Amino acid sequence: LVVRASSGVNRLASLKRLTVLHTLVFDLHDNQFGDIGAYALAMLKGSPVLHTLSVDLSSNQVGDAGVQALATLKDSAALHTLSLSLSYNRTGVPGSSQVGVAGAQALALLKDSTVLHTLSLNLPDNGLGDAGAQALATLKDSTVLHTL
């Protein structure tokens, strides 16, 4: 699957309607996917049967807004395994997209999922800092997550 421009992103969001899609793995690194693409992926939370999602969004200019959208995957009724690679989303331009403290705080909300029991996050070379790391550390407080 090659995702280009907004039409490709919209098609990606439509995957939530598939009733036989249980496992989905995407390697979308270095595609300029951005926050809009992350919003589309977050729409997969509406899938009634998707239980495993693995997405590599490395080097895609995904910022806090996109990560906040991805964090809404916690509302999925079926998703029990989630792997997100968000490395190298720091563009080096002040004010540009990067995963920062607000993104880390949003990801920490994944602990509130009632079905998510396995979570893998890959976040090197972003702007998380100490505050972001502290927010992510609260994932350990989840009553459902058993693999982190």
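Here we summarise the structure given alongside this text. Just so it is clear, the structure is predicted and the values come from calculations on it, not from any experiment. (Residues numbered from 1 in each chain as written. Predicted model: local features only at pLDDT ≥ 70, side-chain atom pairs only at ≥ 80, totals over all residues. Heavy atoms only, no water.)

The helix and strand inventory of the chain stands at 5 helices and 4 strands. Out of the 148 residues in the chain, the part that is buried amounts to 45%. Within the chain, counting contacts between residues at least 6 apart in sequence, those at least 24 apart form 84% of the total. When the accessible area of the chain is evaluated, it comes to approximately 7200 Å², of which 54% is carbon and sulfur surface. (Helix = DSSP H or I, 4+ residues; strand = E, 2+ residues; numbered from the N terminus. Buried < 20%, exposed > 50% of the residue type's maximum accessible area, 1.4 Å probe, protein only. Contact = heavy atoms within 4.5 Å. Areas by Shrake-Rupley, 256 points an atom, 1.4 Å probe, with all protein chains shown as cover.)

Turning our attention to unusual backbone geometry. Backbone geometry at Gln61 places phi at a positive 55°, although glycine is not the residue there. In this structure, Gln61 sits in the loop between β2 (52-56) and α3 (64-71). Gln61 sits in the partly exposed class, given a relative accessible area of 43%.

Take helix α2 (residues 34-42) next. Of all 9 residues making up α2, 7 are buried, and the element is well covered by its neighbours. Among all positions of α2, only Gly34, Asp35, Gly37, Ala38, Ala40, Leu41 and Ala42 are buried.

Right, let's get into the nonpolar core. In terms of nonpolar packing, the biggest core is built from 32 residues, with Leu41, Leu53, Leu57, Leu82 and Leu86 touching the most fellow members. Taken together, the elements giving at least two residues each to this core come down to β1 (23-27), α2, β2, α3, β3 (81-85) and α4 (101-108). (Core = buried A, V, L, I, M, F, W, Y, C linked by side-chain atoms within 4.5 Å.)

Now for the packing of α2 against α3. Look at α2 against α3: their axes get within 8 Å of each other, and the N-to-C directions meet at 5°. With respect to each other, α2 and α3 are oriented roughly parallel. Listed contacts from α3 to Asp35, Ala38, Tyr39, Leu41 and Ala42 of α2 are Ala65, Gly66, Ala69 and Leu70. Residues of the contact of α2 with α3, tallied by class, amount to 7 nonpolar, 1 polar and 1 charged. (Axes fitted to C-alpha atoms, helices over the stretch in contact; angles between N-to-C directions. Parallel < 35°, antiparallel > 145°, perpendicular 65-115°, else oblique. Nonpolar A, V, L, I, M, F, W, Y, C, P; charged D, E, K, R; others polar.)

Turning next to the pattern of salt bridges. On inspection of all chains with the given rule, the structure shows 2 salt bridges. The salt bridge involving Asp75 is made with Lys74; its shortest N-O contact spans 3.0 Å. With relative accessibility at 49%, the residue Asp75 sits in the partly exposed group. On the basis of relative accessibility, which here comes to 22%, the residue Lys74 falls in the partly exposed class. Asp141 is the salt-bridge partner of Lys140, the closest N and O atoms lying 3.3 Å from each other. According to the relative accessible area criterion, Asp141 is partly exposed, its value standing at 47%. (Salt bridge = Lys/Arg side-chain N within 4 Å of Asp/Glu carboxyl O.)

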